[in-house]
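For reference, the chains in residue letters:
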Amino acid sequence: MELLAAAFSAACAVDHDSSTSESDARDSAAGHLPGSESSSTPGNGATPEEWPALADSPTTLTEALRMIHPIPADSWRNLIEQIGLLYQEYRDKSTLQEIETRRQQDAEIQDSTDGSPAGEDTPEEEEEEEEEEPASPPERKALPQICLLSNPHSRFNLWQDLPEIRSSGVLEILQPEEIKLQEAMFELVTSEASYYKSLNLLVSHFMENERMRKILHPSEAHILFSNVLDVLAVSERFLLELEHRMEENIVISDVCDIVYHYAADHFSVYITYVSNQTYQERTYKQLLQEKAAFRELIAQLELDPKCKGLPFSSFLILPFQRITRLKLLVQNILKRVEESSERECTALDAHKELEMVVKACNEGVRKMSRTEQMISIQKKMEFKIKSVPIISHSRWLLKQGELQQMSGPKTSRTLRTKKLFHEIYLFLFNDLLVICRQIPGDKYQVFDSAPRGLLRVEELEDQGQTLANVFILRLLENADDREATYMLKASSQSEMKRWMTSLAPNRRTKFVSFTSRLLDCPQVQCVHPYVAQQPDELTLELADILNILDKTDDGWIFGERLHDQERGWFPSSMTEEILNPKIRSQNLKECFRVHKMDDPQRSQNKDRRKLGSRNRQ
């Protein structure tokens, strides 16, 4: 991901069919070589004064890379076989390293920012620092070393660590930012290999186990494993094409064109698999409870050293994890390609297709669970007013829960009333609010309702402990076609704000959102994964970056995730704040680039990209 961020703008020189103007632009972006060292050039002993005299020395990056030979196919196959991490391990190590890298960047820049005022007060010290600066360039030229996959079963962690790369001299040619791009593409390939290895283990070790086949009824096996064989076949073909691309030249030309092709034409198998997730989870739980033989077999298979101590359930969710992670890997590549280039357009197209696949996967999961949930809610409701049809294909639950309603009109209330508040229960859907009273038998008696678009909320000023966490809910047009007002009390400040945010989604939040396009906003990164417990909450993955839109004193944050603009509440204890404004601004700028709208240049280049892809094949 962003950690394996390392190198590739120079790879544009690999495409021998590119036009002269494109090659010149790429050479200009990468810079002329002061003295490259390929397999035909002298060793490291050459000095700058000797560079002009070197025989056959390439003068541009394009010429230099054309002198580099492809890596034999066996080398890449051996590399793939040597990957010892299962995808679950690979993914966890990658995200943890990403978190740590952000922490270090935040701390380093913060320290330099904190130190700047002192420099302004002491000009002499500033001059001394300036005098020392010329000695630092060699350090800045050092290659970015990111130890991401330290693992005794794999000799290579990074693209730049491959023996063929080290011996080719290409690392003396590429600039650090170009190496970061190579690493970003290399991670996409190696992580796909790790994913394929784990997915293959799910099939060979679990699904095709002879005892498993005898224990499970075919219908149970179908729900539990779904179309995993189709997903495995697509992953295998995808990985082979990525390997073939890497075999063309040790400097990877591109991978996003391959990603685009598979996302557009083959990744629909992921939608089928992920959409089955609700039934898959339910079937798995039922089998564990009802079939002792199945429970014992799973426990036995999980103990096999092949599984590295990972549970069976972690293998079942691999496809969903991979398709979402693949989108983030393409985002990482997109952040590092040269702007306004053909390669940027390809990455944008690949990202757009992946976003469509991920969205379809999410919608598939939600559709299955929402339909059952709506049927269950409908059965529990008894209408005291005119009945409202609850079940609709376009309706889903946003939030439900108990609040306390203040007795009597707001103007005549008295704190001496025997019981100031009475319990009511709210069901808030995406287009409708239903207000009920809970009655015996786990039933709800509906006494009012209103379209969600006709709701308004207002927070009361602090009026003491009795009226703490009280807000006003106005129904501009209720079930009786009249305006109605409710004074409602929540159990905590966070619960009050969560209800107000859900009831009036367009209500102004404390901080701005991503769509405001301001270049600074309070931000956090996820350091502990969190699974949403309520519909208005947001599930967090490690290393997610979120803008803070609102927060409460009792430890909840309303945030907007940058990579997909999903919003929701989550505990602040699951995150840590990004304090440095430069890092926050950089995160927003990268997101603006990833999500920028289509432009005419992209449309004009689309056919050329497809033609170039066919020519390479």
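Residues numbered from 1 in each chain as written. Predicted model: local features only at pLDDT ≥ 70, side-chain atom pairs only at ≥ 80, totals over all residues. Heavy atoms only, no water.

### Let's talk about the overall build of the protein chain
Summing up its helical and strand segments, the protein chain has 21 helices and 13 strands in all. Split into buried and exposed, the 617 residues of the protein chain put 50% on the buried side. Taking the contacts inside the protein chain whose residues are at least 6 apart along the sequence as the reference set, 71% of them involve residues at least 24 apart. (Helix = DSSP H or I, 4+ residues; strand = E, 2+ residues; numbered from the N terminus. Buried < 20%, exposed > 50% of the residue type's maximum accessible area, 1.4 Å probe, protein only. Contact = heavy atoms within 4.5 Å.)

### Topic: the environment of Ile223
Mapped onto the fold, Ile223 is located in helix α10 (residues 218-225). Put simply, Ile223 and Arg282 are 59 residues apart on the chain and 9.5 Å apart in space, counted from C-alpha to C-alpha. Those residues within four positions of Ile223 in sequence are excluded, and the remaining contacts are Asn276, Tyr279, Gln280 and Thr283.

### Observations concerning the nonpolar core
Formed by 81 residues in total, the largest nonpolar core has its most connected members in Trp159, Leu188, Leu202, Phe225 and Phe267. The dominant element in this core, judged by the number of residues it contributes, is helix α8 (residues 176-207), at 16 residues. Setting aside chain neighbours within four positions, we find Phe267 in contact with Val234, Phe238, Tyr262, Ile323, Leu326, Leu354 and Val357. By size, the runner-up hydrophobic cluster in this structure holds 23 residues, among which are Ala450, Val457, Leu473 and Ala504. (Core = buried A, V, L, I, M, F, W, Y, C linked by side-chain atoms within 4.5 Å.)

### Things to note about the pattern of salt bridges
On inspection of all chains with the given rule, the structure shows 28 salt bridges. Where Glu248 meets Arg245, a salt bridge forms, and the shortest distance between an N and an O atom there is 3.6 Å. Pair noted here: Glu248 and Arg245 are both in helix α11 (residues 228-248), with a separation of 3 residues, about one helical turn. For Glu248, a relative accessible area of 33% corresponds to the partly exposed category. Owing to a relative accessible area of 5%, Arg245 belongs among the buried residues under this scheme. Of the charged contacts, one joins Glu372 and Arg282 as a salt bridge, the two residues approaching to 2.3 Å between their closest N and O atoms. Of the two residues, Glu372 sits in helix α18 (residues 342-380) while Arg282 sits in helix α14 (residues 277-290), which places them 90 residues apart along the sequence. In this structure Glu372 comes out as partly exposed when scored by relative accessible area, which is 29%. Assessed through its relative accessible area of 34%, Arg282 is described here as partly exposed. Several salt bridges share partner residues, and in doing so they unite Lys399, Glu495, Arg498, Asp536 and Glu537 into one network. (Salt bridge = Lys/Arg side-chain N within 4 Å of Asp/Glu carboxyl O.)

### Examining the packing of α11 against helix α13 (residues 268-275)
Following both chains from N to C, one finds α11 and α13 inclined at 150°, their axes separated by 9 Å at the closest point. Relative to α13, the element α11 lies roughly antiparallel. Note that α11 runs across α13; the crossing there is left-handed. Contact residues: Val228, Asp230, Val231 and Val234 in α11; Val269, Tyr270 and Tyr273 in α13. Classifying every residue of the contact of α11 with α13 by side-chain character gives 6 nonpolar, no polar and 1 charged. (Axes fitted to C-alpha atoms, helices over the stretch in contact; angles between N-to-C directions. Parallel < 35°, antiparallel > 145°, perpendicular 65-115°, else oblique. Left-handed = near helix turned anticlockwise from the far one by under 90°. Nonpolar A, V, L, I, M, F, W, Y, C, P; charged D, E, K, R; others polar.)

### Focus: the sheet that holds strand β12 (residues 567-571)
Think of a sheet as strands paired side by side through backbone hydrogen bonds, with each pair either parallel or antiparallel. If you trace the 5 strands from one edge of the open sheet to the other, you get β12-β11-β10-β9-β13, paired in antiparallel fashion. Edge positions in the sheet fall to β12 and β13 (575-578), since each has one partner strand and no second. Pairwise comparison of adjacent strand axes, ignoring direction, gives a mean angle of 45° for this sheet. Where strand β10 (residues 545-551) and strand β11 (residues 556-561) come together, 5 bridges link them in antiparallel fashion. Its bridge partner being in β11, Asn547 is matched across the sheet by Glu560. (Pairing = 2+ DSSP bridges.)

### So, the packing of aromatic side chains
By the definition in use, this model includes 14 aromatic pairs. A ring pair is formed by Phe225 and Phe312, whose centres lie 6.0 Å apart and whose planes are at 65°; its orientation type is edge-to-face. Taken together, the residues span a long stretch of sequence, with Phe225 in helix α10 and Phe312 in helix α16 (residues 312-316) at a distance of 87 residues. Comparing Phe225 with Phe312 shows no difference in burial state: the two are buried. Between Tyr425 and Phe427, the aromatic rings sit 5.1 Å apart at their centres with planes inclined by 50°, giving tilted as the arrangement. (Phe/Tyr/Trp six-rings, centres within 6.5 Å; stacked < 30°, edge-to-face > 60°.)

### With respect to the sheet that holds strand β2 (residues 397-406)
With mixed pairing, 8 strands are arranged side by side in an open sheet as β1-β5-β4-β3-β2-β8-β7-β6. The sheet terminates laterally at β1 (381-383) and β6 (455-459), the two strands that pair on one side only. Geometrically, the sheet is characterised by an average inter-axis angle of 40° between neighbouring strands, direction not taken into account. Here β6 pairs with strand β7 (residues 470-475) via 5 bridges, running antiparallel. Bridge pairing in β7 places Val457 opposite Leu473.

### Examining α11
Between the first and last C-alpha of α11 there are 31 Å, a value that for 21 residues agrees with the 30 Å anticipated at 1.5 Å per step. The set of residues buried in α11 consists of Val228, Val231, Leu232, Val234, Ser235, Phe238, Leu239, Leu242, Glu243, Arg245, Met246 and Glu247. (Expected span 1.5 Å × (residues − 1).)

### Some thoughts on the confidence of the model for the protein chain
Averaged over the protein chain, the pLDDT score is 78; the fraction of residues at 70 or greater is 70%. Counting interchain partners and residues more than four positions distant, the pLDDT-below-50 stretch residues 1-61 has 147 contacts. (pLDDT = per-residue confidence, 0-100.)

### Some points on unusual backbone geometry
A positive phi angle, near 80°, is found at Ala543, a position not held by glycine. Take Ala543: it is sitting in the loop between β9 (523-526) and β10. Even without being glycine, Gln565 reaches a positive phi, approximately 60°. For Gln565, the position within the fold is in the loop between β11 and β12. You can call Gln565 partly exposed: its relative accessible area is 25%.

### Here's the deal with helix α20 (residues 581-594)
Count 3.6 residues to each turn of an α-helix, and residues three or four apart come out pointing the same way. Helix length check: α20 (14 residues) gives 20 Å between terminal C-alpha atoms against 20 Å at 1.5 Å per residue, within 8%. Every buried residue of α20 is listed here: Ile583, Arg584, Ser585, Asn587, Leu588, Cys591, Phe592, Arg593 and Val594. One side-chain oxygen of the residue at the start of α20 lies 2.9 Å from the amide nitrogen of Lys582, identifying that residue as Asn580. (Polar contact = N/O pair within 3.5 Å; in protein donor to acceptor, adjacent residues only side chain to side chain.)

### Observations regarding the side chain of Lys327
Relative to the elements of secondary structure, Lys327 occurs in helix α17 (residues 318-334). Look past the residues within four positions of Lys327 in its chain and what remains in contact with it is His351, Leu354, Glu355, Val358, His563 and Asp564.

### Considerations on the environment of Trp499
In this structure, Trp499 sits in helix α19 (residues 493-503). Here the alpha-carbon distance between Trp499 and Leu428, two residues 71 residues apart in the chain, equals 9.3 Å. Leave out the neighbours within four places in its chain, and Trp499 touches Lys399, Gln400, Gly401, Leu403, Leu426, Leu428 and Phe471.

### Considerations on the packing of α14 against helix α15 (residues 292-302)
As a packed pair, α14 and α15 sit with axes 5 Å apart at the nearest point and diverge in direction by 105°. Relative to α15, α14 is oriented roughly perpendicular. Across the interface between the two elements, Tyr284, Leu287, Leu288, Gln289 and Glu290 of α14 pack against Ala292, Phe294, Arg295, Ile298 and Glu302 of α15.

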